[in-house]
Every structure is written in C-alpha cells, then in structure tokens.
Amino acid sequence: MKTLNINDSRLYLLICLLFGVIYVTNAWSPSSYSLALDGIGIDAHPDFGKARAIRSDEWVVQTPLTQALVNNGFERFNHTSIYKEDLRINYGLPIFDWGLIFKPAQWGYLILPPAYAFSLYYFALFAFFVIGFQKIIKIMGADELSAFLLSVAFYFTGSVQFWWTVNASTFAFFPWVLYSLYNIKSSSIYAILLFWFLACWQIGNLYPPFTYALLLVAIVWIWNVVDLRTVKLRELILAIAAGIAAVVVVYLYFHDYIELMKNTVYPGVRSENGGSIISWAMFQSLFFPSLWFDKNYELLKWKDISNICQISTWATLLPVLILFYTNYKKVRLTLSFNLLDKFLIPALCVMIMLLWTMFPVPAALGKYLFLDKVPAVRMMLGLGLVVNILAVIALIRIPLNVTACRIGIFTIIYAGLFIIFKGGIKPAQVELIALLIGALVSLVLIRFKNNAMLALSSLTVIYSLAVFFAFNPLQDSRFIFQKNYQTPATEIYKQQVSQYGVALAAMSGSIINGLGYPSGNHVLTTPQLAFWYKKFPNLNKEEMNKIFNRYAHIHLVPESNVIELSATDVISVPQRCFMSGIDTPCKNVSIKK
C-alpha cells in the first residue's frame, strides 16, 4: 500500500474523517442551545467554549424548529405548533421531502438518532468547506499542504465563524460550485455535479444577499484560473444548462415560500442604499481581522449600533503578509499581462463591491444591478473573500522576499500596531501570542524548507486559529434532543397546555415548541394571516396586514388588550386571547399605531 504524504489529497480527507469520527461520536455541534436549556433549569454547558447569546437565530429559531421537525416526524407542516406553519423555509431543515436530495449534510437523519444526525450535519458542512476550498486553492496553483492550511484559515474567519450556525451551507457548498464549473472541461459529469452543488448551495440555506456577493467572487476566481479563449461552446452550453436547471429546481422547491415572503412588510422586497455607518470599520478589519473585539468576542467599539456578527468580515492575515513580503523590485521586472484580458472584469467586480460597501450609493442606481437587494454589510463578506483570493493568487504568482530578518520586522511592526489600536499589551495578548508562534514556525520553515508559500500559509492559519477558534462552542447535542425534561418550567408548560390547549409562558423564539409543547410564544418564519384573521375577526384586515404580514417573534403579553409591533420582527399580542381556546375569536382588542 502506498504511503500517504503531504502532497497526497487523500491525507487531508483522512484527517477530516478522523476528526469527524471524534466529533460525531461525541455528538458535538457549534450550537448555543445550552442558553435555552438554562432558561428551563437544565445545566448543559458546552464541553468546550461558551454559548453565544448573539447567535439567537440559531438557538432561538433554527435549532428549536429542527427539534419541532423531529417531533413532527420530519413532515413539512408543523403540526406540533398552534400555527401549523410551513417548515419549508430559508433554513435548510431536514424535511423528508424531495428536497432532501439536495441536503446531503442532512442525510444522517435517515439512519441516525437526531442528536448524532445534528452533529453530523455540522461536521459534514465543515468537511465540505475545508476540502472544497483546498481544491479551489490548489487549482490556483498552491501545493496540497499550503492549500489545506489556507482553507482552514478561511474557515476560521470572522464572517464564517460568526455566521456559521445558520449560513453553513451557503459557505460550504460554494467552493464545490467553482470546482465543478472549472472541471466541466474535463468531463460532462461535472455539469451534473455543477447542477447538484448549485441546488445544494441554495436549498441548504436560501439567503440571496450572500449568494449575490459570492457570485461576484466566483467571477473573479474563474477569470483568474480559466483562459476564456480556450473555453469550448460545449462547455459553455453545459454550464448554462446546469445553472438554469438549478434555478428551476430551487424555485420549484421554494415557490410557496418565495411567493409568500416577497409580499411581506418584513423582510419583503428590500431596496437599500449602499454604504453603512460601519463600512470603514469593516474595511479596516480586512487587514486587521480582530481589530474590533477583545478575547471574549465583545466589541470594543460600535456597541450601540452593531454587534460582532454584523461587523464581521472574511478576513485573514494573508493580504497584509503579501503586502509586506512582496519583492517589489522583481515584480516590476516579471509581471507581464494583458490588462484588458485578465484584469478588467475582476477589477469591475471588485469596484462594484467597494462602491456598494463603502459609499452611500442611492438604491435608485443600485437597482440596475440588483444591488439594492444586498445590504452593504453583507456585500462586505464577498469583498473580504475576494481580497483573500487575490492574496492567494499573489502568494502563488509573484516573487516574495521572506527572510528571518523580515519576519522579525513584520512581527514587531504588526504587533506594535495592535498594541496601539487596542490600547495596550493586555487587550492585544491573543494577537501577540499568535504572531510570536507564527513567526517561530515561519522561521523554521524558511530555515529548513526555504518555502515562502508554506511559511506564510502557516502564519496565516496560526493567527486565524488563535483569534477565531473559540467563538463557537462544542455542545453535546444529546442534551438538545433529550425528551421529557422534568423541571418547574416544563411543569408550567404542561399545566397550561392541559388548561388552555397552549403554553402561555414567556420564552424566546420557538424554544417551547421545540421542547414539544404547543406555544403561543413562537417564531413565525412565514406570516400566518389566516390564523390572525380568525383570532381577531373585528379588526381591520388592512391594519392587521401591516402588523402580521412579516417574519416575526410572537410575544404573549399578560394583562394587555393591545397588539403592538414592539420591533421590526417582534409582535406583542394579548395573552388573554389564548386563554379561552386557540380557535376562539378574541374581542375588545386594538392595534397600537
């Protein structure tokens, strides 16, 4: 049997597999659901790390709806909820319908207990991400080891880690779309794979703003790795056919959801201007990835207007390393290219991203490129990935000057900047330790391997791991899917269901329904207007539509006779309207205007 070595791609598959065995055997996941369990009196703290309240779209919405789906026998409509809502929504839940073909990370639910299937879901997406990006970085010209290190560094970036629990499919399948598209030239089978991965990419998590940003990234990548003059008509037709087929399948799957949501008040069909008050701060973090938060992932600035997820970027140390270590004397002598042929289209894509993210471009102008549907802070994800892809291209193609002396100078300068920006050594201690370890590893690799690409890739991944590794916890998922918890809180739920047919107790999101109880407090990911028309027959439907025609957290309020829009996605409803029966009309209620 041939021995595996660092230049054998199977080695990295084996590493992922071994990690997966450990991960899934322990039923780990990056969920912050222990916060929900804390709320009912269950101590289920993560095995590693800390649950993050900021990831509420996961532990308050997506994970409880996954629990509800399990309790519901994986059926499309949530019969365990009083609202009977459709669960075929933007979150790629493991519904047992034909769409499961395009949710490979969810196939574990077919054969495994839910806790282990939940764990396998997150591990599978991690593996798709790391191996996928390794492949497309290798296509760009990197060796296997450097490509693997950089793909891991890409995984441990702010955008990926802070948004991972809900947008994992969006990130994980994207490199496979590029890989399949690139390889159509070698076999028509890749056209079928392109269709499948495109469908997986969208059905796994439907979020158009990230899709738009990543499509611009795809153009930049393709333009740099493919000589378009060599593309044959057959390849072009196959790629277009695969894309059209994927669009058709995604629309057929989400048809009901799309038609319902496009006419909502929120999120509705958005029309946003370019730019953001935090755009400049986000741009700075492309070159100083951990600039705006401390070791506990608490924001150092912008607390009143943003959060760590909103301000996150797809940032690594690599762009700064390239700027510092490029041998500019040799670059002037060795660069030879046709600007129009190689750089015009990528430059236009980057310019579009920069303009939309950094400047207050009116929606009236942005609409011609559909940019008004993409919030500027979401486009920043694409800009960050483009900057890093261009840095990888530079790492591979341009001459570098990496010496022991320059490694020392860079470490001192960059560490000094972090000390200044963060206001002292203690606030910057994570970055300082990472830079010191990275410098030592780089020195060893330059001294004994004389491999600049490997040295800078190693420094990049060390920094990324040090800064972002601890954000998502390792949570034992068996606590999440354990049934029949007996606590004072659950006893209240049971009593209320017995008396009123519905739990009335206050609890965030869909948590109570996920635990197995019909609950008035719930997240309606799609509007349930028919339910509310029946509940409030005396209210004006036009006024009701302004309130209820939206994605919303439903909060039941004791001793209230007023329906109120408490926030863009929060509706407060009188609790008493559910105490006389779920289907009983409620009168003497008004809408706060």
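Values in this document were obtained by computation on a predicted structure and should not be read as measured data.

Help me understand the overall build of the chain in this model?
A count of helical and extended segments in the chain gives 24 helices and seven strands. Relative to its full complement of 593 residues, the chain shows a buried share of 57%. Carbon and sulfur atoms form 65% of the exposed surface of the chain, whose accessible area is close to 25300 Å². The positive charge centre, built from 45 side chains, and the negative charge centre, built from 31, are 8 Å apart in the chain.

Whenever I open this one, the state of the cysteines confuses me. Can you help?
Counted under the stated rule, the structure contains one disulfide. The disulfide that involves C577 links it to C586, with 2.0 Å between the sulfurs. In this structure, the disulfide formed by C577 and C586 twists by about -55° around the S-S bond and is classed as left-handed. Residue class for C577 comes out buried when judged on its relative accessible area of 0%. Owing to a relative accessible area of 6%, C586 belongs among the buried residues under this scheme. Free of any disulfide, C16 has its nearest cysteine sulfur in C200, 18 Å distant. Relative accessible area serves as the criterion here: at 0%, C200 is assigned to the buried category.

Help me out: how do you make sense of the environment of V226 in this one?
The topology assignment puts V226 in the loop between α8 (208-225) and α9 (233-261). V226 gets classed as buried once you look at its relative accessible area, which sits at 15%. C-alpha separation for the pair V226 and I139, spaced 87 residues apart in sequence, amounts to 9.9 Å.

It is not clear to me how the side chain of K535 should be interpreted in this structure. Could you clarify?
Here K535 lies in helix α23 (residues 529-535). One buried charge, K535, has no salt-bridge partner; the nearest side chain with opposite charge is D583, at 6.8 Å. A distance of 3.0 Å separates a polar atom in the side chain of K535 from the backbone oxygen of G581. Discounting chain neighbours no more than four positions away, the residues touching K535 are C577, F578, G581, I582, D583, T584, P585 and C586.

I keep staring at the sheet that holds strand β4 (residues 552-557) and nothing clicks. Help me out?
Read from one edge of the open sheet, five strands run β3-β4-β6-β5-β7, paired in mixed fashion. This sheet does not close on itself; its edge strands, each paired only once, are β3 (522-524) and β7 (590-591). Relative to strand β6 (residues 570-574), β4 runs parallel, the two sharing five bridges. Directly across from V557, in β6, lies its bridge partner P574.

Hey, could you run me through the packing of helix α1 (residues 9-25) against helix α5 (residues 144-155) in this one?
Think of two packed helices as two axes; the pair is described by the angle between the axes and how far apart they sit. Viewed as axis vectors pointing N to C, α1 and α5 meet at an angle of 35°, and their least axial separation amounts to 9 Å. The two elements α1 and α5 meet at a crossing, and its hand is right-handed. The segment α1 lies against α5, with S9, Y12 and I15 engaging E144, L145 and F148. Taken together, the residues that form the contact of α1 with α5 break down as four nonpolar, one polar and one charged.

Sorry if this is basic, but what is going on with the pattern of salt bridges here?
Between side chains of opposite charge, a pair can form when the charged atoms approach closely. For the coordinates displayed, the defined rule picks out 14 salt bridges. R76 serves as the salt-bridge partner of D86, at 2.8 Å between the closest nitrogen and oxygen. Highlighted residues: D86 in the loop between α3 (56-71) and α4 (114-139) and R76 in the loop between α3 and α4, separated in sequence by ten residues. By the burial criterion, D86 is buried, and R76 matches it. Bridged by salt links that share partners, the residues R76, D86 and D256 form one connected network.

Hey, could you run me through the pairing of β6 in this one?
Side-chain direction in a regular strand flips from residue to residue, so the side chains alternate between the two faces of the sheet. The element β6 is extensively covered by neighbouring structure, given that five of its five residues are classed as buried. Burial along β6 is two-sided: the face carrying V570, S572 and P574 and the face carrying I571 and V573 are both buried. As defined by bridge partners, strand β5 (residues 562-567) adjoins β6 across three bridges and the pair is classed as antiparallel. Bridge pairing in β6 places A567 opposite V570. The turn joining β5 and β6, which pair antiparallel and follow one another in sequence, is formed by two residues.

Quick question: what am I supposed to make of a nonpolar patch on the surface here?
On the surface, W98, I101, L228, V231, L233, L236, I237, I240, I244, V248 and L252 cluster together into a nonpolar patch covering about 1000 Å² of accessible area. Relative to the elements of secondary structure, I244 occurs in helix α9.

Before we go on, may I ask you to explain helix α11 (residues 318-325) in this structure?
Working note: α-helix, 3.6 residues per turn, so residues spaced by three or four point in the same direction. Burial analysis of α11 places six of its eight residues in the buried class, which makes it a mostly covered element. By the burial criterion, the buried members of α11 are L318, P319, V320, L321, I322 and Y325.

What should I look at first to understand the packing of aromatic side chains in this one?
When we look at a pair of aromatic rings, we describe it by the centre distance and by the angle of the planes. If you walk through the whole model with that rule in mind, you get 69 aromatic pairs. Considering the side-chain rings of Y121 and Y122, the 4.8 Å spacing of their centres and the 70° angle between planes classify their relative orientation as edge-to-face. By relative accessible area, which is 7% here, Y121 ends up buried. Relative accessible area serves as the criterion here: at 2%, Y122 is assigned to the buried category. For the pair W532 and F536, a centre-to-centre distance of 6.0 Å together with 5° between the ring planes defines the contact as stacked. Across the pair, exposure class does not vary: W532 and F536 are buried alike. Positioned above the aromatic ring of F293, the side-chain terminus of K422 is 5.7 Å from the ring centre. The ring of Y533 has K541 lying over it, and the distance from NZ or CZ to the ring centre is 4.7 Å.

Cut-offs and rules
- Residues numbered from 1 in each chain as written.
- Predicted model: local features only at pLDDT ≥ 70, side-chain atom pairs only at ≥ 80, totals over all residues.
- Heavy atoms only, no water.
- Helix = DSSP H or I, 4+ residues; strand = E, 2+ residues; numbered from the N terminus.
- Buried < 20%, exposed > 50% of the residue type's maximum accessible area, 1.4 Å probe, protein only.
- Areas by Shrake-Rupley, 256 points an atom, 1.4 Å probe, with all protein chains shown as cover.
- Lys, Arg positive; Asp, Glu negative; His and termini not counted.
- Charge placed at Lys NZ, Arg CZ, Asp CG, Glu CD.
- Disulfide = S-S within 2.5 Å.
- Salt bridge = Lys/Arg side-chain N within 4 Å of Asp/Glu carboxyl O.
- Polar contact = N/O pair within 3.5 Å; in protein donor to acceptor, adjacent residues only side chain to side chain.
- Contact = heavy atoms within 4.5 Å.
- Pairing = 2+ DSSP bridges.
- Axes fitted to C-alpha atoms, helices over the stretch in contact; angles between N-to-C directions.
- Left-handed = near helix turned anticlockwise from the far one by under 90°.
- Nonpolar A, V, L, I, M, F, W, Y, C, P; charged D, E, K, R; others polar.
- Patch = residues over 30% accessible without salt bridge, like charges linked within 9 Å, V, L, I, M, F, W, Y side chains within 5 Å.
- Phe/Tyr/Trp six-rings, centres within 6.5 Å; stacked < 30°, edge-to-face > 60°.
- Lys NZ or Arg CZ within 6 Å of the ring centre and 35° of its normal.

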